[in-house]
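Chains, contacts and geometry: an overview
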Amino acid sequence: MGRLQKILIPFLGLVLAFCFYSARENFKPEMLKGKRVIVTGASTGIGEQMAYHLARMGAHVLVTARTEAKLQKVVERCQELGASSARLISGSMEDMAFAKQVVEAAEAELGGLDMLILNHIGKSYFSYFDGDVRHIQKLLDINFLSYVAMTVSALPMLKQSGGSIVVVSSMAGKVGFPFTVPYSATKFALDGFFSSLRQEFSIQNVNVSITLCILSFIDTESAVRAAADVVQMSPAPKEECALEIIKGGALRQREVYYKYALTKIPLLLRDWAAELLDYLIRQHYRVERPPAA
Ligand SMILES: NC(=O)C1=CN([C@@H]2O[C@H](COP(=O)(O)OP(=O)(O)OC[C@H]3O[C@@H](n4cnc5c(N)ncnc54)[C@H](OP(=O)(O)O)[C@@H]3O)[C@@H](O)[C@H]2O)C=CC1
Ligand SMILES: C[C@H](CCC(=O)NCC(=O)O)[C@H]1CC[C@H]2[C@@H]3C(=O)C[C@@H]4C[C@H](O)CC[C@]4(C)[C@H]3CC[C@]12C
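Residues numbered from 1 in each chain as written. Chains lettered and ligands numbered in written order. Predicted model: local features only at pLDDT ≥ 70, side-chain atom pairs only at ≥ 80, totals over all residues. Heavy atoms only, no water.

Topic: the packing of aromatic side chains
Taken as a whole and judged by the stated rule, the model has 6 aromatic pairs. Ring centres 4.9 Å apart and planes at 80° place the aromatic pair Phe193 and Phe194 in the edge-to-face group. Using a relative accessible area of 1% as the deciding quantity, one classes Phe194 as buried. Members of the aromatic cluster, connected to one another through ring pairs, are Phe126, Tyr128, Phe179 and Tyr285. (Phe/Tyr/Trp six-rings, centres within 6.5 Å; stacked < 30°, edge-to-face > 60°. Buried < 20%, exposed > 50% of the residue type's maximum accessible area, 1.4 Å probe, protein only.)

Structural data, given as structure tokens:
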């Protein structure tokens, strides 16, 4: 191959890649106007902030979590912010019948569904793995199986609307971090299930997008309480994080990386320099080390 071709082919590749990415649609808040959206884990944290963004954009929001009193306040705020409608359904995602019931409520009360945002997580610990197998089983039910159950129930409505599934995951769902063994297992499971399902949708021409969101440390109350003393990193703002998730879902992106520099860039090391990435992660942890023998 001539020298010119060796330069020309990669150059053309870059030009094509640039054209492909720059031709992508831009996000406009109107994209969500009148859309029917379920947000799980919406009584606090990132889920609560997503509900407020959706309300400002004029969506119909159905929020869910266990604590009804908190959800009631979220609904009132959504109404003040301009939601087309706002309603709640409370219950625990430990129970797959409840997961299904939430989707049925959307069908009965909204007449369909355009976006399913799966965001809730059950309580876990942030420390060394304690060997409790039942805890992993319970966390898998809440953080993984209920996501599957809701997806299965919502699919007929999402197929009809050409809708979107948004799955909130974490850096801990792409790479191993210390102190998150049960949590990380549930987040890796989500990647396996939804990335495989996306492939099948593509083969079957199912017009339902799946967006997996890879988040770094975010300043929600529960995360800061659990990890701020150990993880030497400033948490990113939950309001901005919530908006980026919604944008990614509306644009039908395959994955959302937030914050980009703390997620996408370190993950580039994962397949080529895994031990270096592991080392860098450990450097961000402040842990008591056992005295040398
Ligand atoms: N904050 C962070 O640093 C990061 C967060 N993420 C991901 O972002 C998402 C949101 O996290 P964040 O906002 O911090 O979490 P929060 O702890 O603030 O919120 C968790 C939500 O889940 C609900 N919930 C808890 N247990 C159950 C249950 N059994 N059934 C139904 N709902 C339940 C809670 O409400 P209630 O108690 O009322 O049920 C609450 O609304 C999660 O998927 C998390 O993995 C990813 C990376 C980093
Ligand atoms: C341990 C946190 C979950 C706390 C919890 O149980 N909340 C519910 C409740 O209180 O009811 C973890 C939630 C998010 C995790 C963070 C995350 O996903 C991003 C980083 C990933 C990395 O693996 C470790 C550091 C993280 C900041 C991680 C820390 C643990 C969480 C805060």
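Structural notes on the nonpolar core
Ile38, Met150 and Phe194 are the most contacted members of the largest nonpolar core, which totals 48 residues. It is helix α5 (residues 133–161) that provides the largest number of residues to this core, a total of 10 residues. Residues in contact with Phe194, not counting those within four places in the same chain, are Leu118, Tyr147, Thr151, Ile165, Val167 and Ile210. With 39 residues, the next largest nonpolar core counts Ala42, Ala51, Met115 and Ile245 among its residues. (Core = buried A, V, L, I, M, F, W, Y, C linked by side-chain atoms within 4.5 Å. Helix = DSSP H or I, 4+ residues; strand = E, 2+ residues; numbered from the N terminus. Contact = heavy atoms within 4.5 Å.)

Observations concerning unusual backbone geometry
Residue Tyr258 is joined to Lys259 through a cis peptide bond whose omega torsion reads -15°. Checked against the element boundaries, Lys259 lands in the loop between β7 (255–258) and α9 (260–268). Residues other than glycine seldom take positive phi values, yet Phe179 does so here, at roughly 75°. Under the relative-accessibility criterion, Phe179 is labelled buried at 9%. Even without glycine at this site, Arg252 takes up a positive phi of about 60°. For Arg252, the location among the structural elements is in the loop between α8 (238–250) and β7.

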